[in-house]
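Remarks on the overall topology
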Amino acid sequence: MFDVTTLGEVLIDFTEAGTSDGGMSLFERNAGGAPANVLVALQRLGHPTAFIGKVGADMHGEFLRRTLEGEGVDCSGLVSDPAFFTTLAFVALAPSGERTFSFARKPGADTRIAPDELPRDVIASSRVFHVGSLSLTDEPARSATRAAISLAREAGCTLSYDPNYRANLWPSPEAAAEQMRSVIADTDLMKISDEECTLLTGAADPEDAARALVDAGVKVAVVTLGGSGAYVRCAEGGRTVPGFPAEVVDTTGAGDSFWGGFLAAFCESGLPADAVTLDDAERFARMGNAVASLCVRGRGGIPSMPDRAAVEALLP
């Protein structure tokens, strides 16, 4: 039994790492991809997880599989396909730790998973089924995502959704909004960033955006607010949950680590999504804030996901 299973992208983040003696930019290879980051955060907090997706049968795909398996993630649903190259993302870091992305994904292997490649037994054995939005950009991954959501619903899973808007992966903001909004009605637990509010809901204010998501059927909606923490909302109402002070080194994976912590606390509560109170949601978000604050103090992404002891030392 898996606490959380995800479908989506696992890819290489080539992150800026100084310059060579000749003054040329150097890039460090790291495992990345939002759904994979969420799982590693959960694994380090003691929760069994599984990943569903596709990589190339190449050196990068082998590295990604080794990395996830080394963290304890079940990879029986990770397909290695010799017909496509593992997706690559080149990440430039600003002095603030914020990132810009350039993708080698035309197509990347992550977009090529098909509905008939889904491991139904893995989905059926999951308490929470989680997806992002990068698997909605292209076919056949788009159809695979929707088929997996249907299978998860049939199996009684709680549905989790964390869209990540990357403008250069969509033909237009309008196309992105249409596809990214298309799975909201199936979602129980959903996180967006403050920068994604308008795109996902039409409302720029985080409180209004969270309210719109709950009105659309989401049981618990969360808007992350950067260093200010997160705003949570359920049927009972909403409130802001302050973050933890942190000197930001690298924001890569910060939102993913937050959601890993949030889902860990949700799983530990034993509650169904529709029974989560505002106090419960606040507690889940505090866990997420703690995990995220520890992640951004390090190298970012999977290398910086904290363990349980570090998180509990930060929480009161």
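Anything mentioned here points back to the structure above.
Structure report, in brief. (Residues numbered from 1 in each chain as written. Predicted model: local features only at pLDDT ≥ 70, side-chain atom pairs only at ≥ 80, totals over all residues. Heavy atoms only, no water.)

Observations concerning the overall build of the chain
Worth spelling out the cut-off: What counts as a helix is a DSSP run of H or I of at least four residues, what counts as a strand is a run of E of at least two, and both are numbered from the N terminus. Here the globule rule is a power law, 2.2 Å times the number of residues to the power 0.38, and the radius of gyration is based on C-alpha atoms. Exposure classes here rest on a 1.4 Å probe applied to the protein chains alone. A residue is buried below 20% of its type maximum, exposed above 50%, and partly exposed in between.
Across its full length, the chain carries ten helices and 13 strands. Expected size for 316 residues packed as a compact globule is a radius of gyration near 20 Å; at 18 Å, the chain falls within 12% of this value. Projecting the C-alpha coordinates of the chain onto the three principal axes gives extents of approximately 55 × 45 × 40 Å. Within the chain, the fraction of its 316 residues that count as buried is 57%.

Digging into the pattern of salt bridges
Two side chains that carry opposite charge are able to pair once their charged atoms sit near each other. To keep things clear, this is the line we draw: Within this document, salt bridges are pairs made up of a side-chain nitrogen of Lys or Arg and a carboxyl oxygen of Asp or Glu, the two lying within 4 Å of each other.
In the structure shown here, the tally under the stated rule is 14 salt bridges. A salt bridge links Arg105 to Asp138, with the nearest nitrogen and oxygen atoms 3.8 Å apart. Of the two residues, Arg105 is situated in the loop between strand E7 (99-104) and helix H3 (120-124) and Asp138 in the loop between strand E8 (126-131) and helix H4 (141-154); the sequence distance between them amounts to 33 residues. In this structure, Arg211 engages Asp208 in a salt bridge whose closest nitrogen and oxygen atoms are separated by 2.9 Å. On the criterion of helical spacing, the pair formed by Arg211 and Asp208 is a turn pair, its members being three residues apart in helix H7 (residues 206-215). Of the residues examined, Arg211 reaches a relative accessible area of 32% and is grouped as partly exposed. On the basis of relative accessibility, which here comes to 37%, the residue Asp208 falls in the partly exposed class.

Here we look at the side chain of Asp162
Under the convention used in this document: Within 3.5 Å is the distance limit for a polar contact, defined as a pair of N or O atoms, with the added protein rule that one can donate a hydrogen and the other accept it, and that residues adjacent in sequence qualify only through two side-chain atoms. Any two residues whose heavy atoms approach within 4.5 Å are treated as being in contact.
Inspection of the secondary structure puts Asp162 in the loop between strand E9 (158-161) and helix H5 (173-181). Given a relative accessible area of 2%, Asp162 falls into the buried group. Within the local environment of Asp162, its side chain forms a polar contact with the side chain of Lys191, the two groups lying 3.2 Å apart. Sequence-distant contacts of Asp162, defined by excluding residues within four places in its chain, comprise His130, Val131, Gly132, Ser133, Lys191, Gly255, Asp256 and Trp259.

Some words on the sheet that holds E9
Worth spelling out the cut-off: Any two strands between which DSSP finds at least two bridges are classified as paired. Throughout, an axis means a line fitted to C-alpha atoms (over the contacting stretch in the case of helices), and angles, computed between N-to-C directions, take values from 0 to 180 degrees.
As summarised here, the arrangement of the nine strands in space is E5-E4-E1-E8-E9-E10-E11-E12-E13, forming an open sheet in which the pairing is mixed. With one partner strand each, in any of the chains shown, strand E5 (74-81) and strand E13 (237-241) form the two edges of the open sheet. On average, adjacent strands in this sheet sit at an angle of 15° to one another, irrespective of strand direction. Sheet analysis places strand E1 (residues 2-7) next to strand E4 (residues 49-56), joined by four bridges and oriented parallel. Each residue of the ladder has a partner; that of Thr5, found in E4, is Ala50. Along the sheet face, H7 touches strand E10 (189-193), strand E11 (220-224) and strand E12 (230-234) and points at about 30° away from the line of E12. Relative to E10, helix H8 (residues 254-269) is tilted by about 160°, and along the sheet it contacts E1, E8, E9, E10, E11 and E12.

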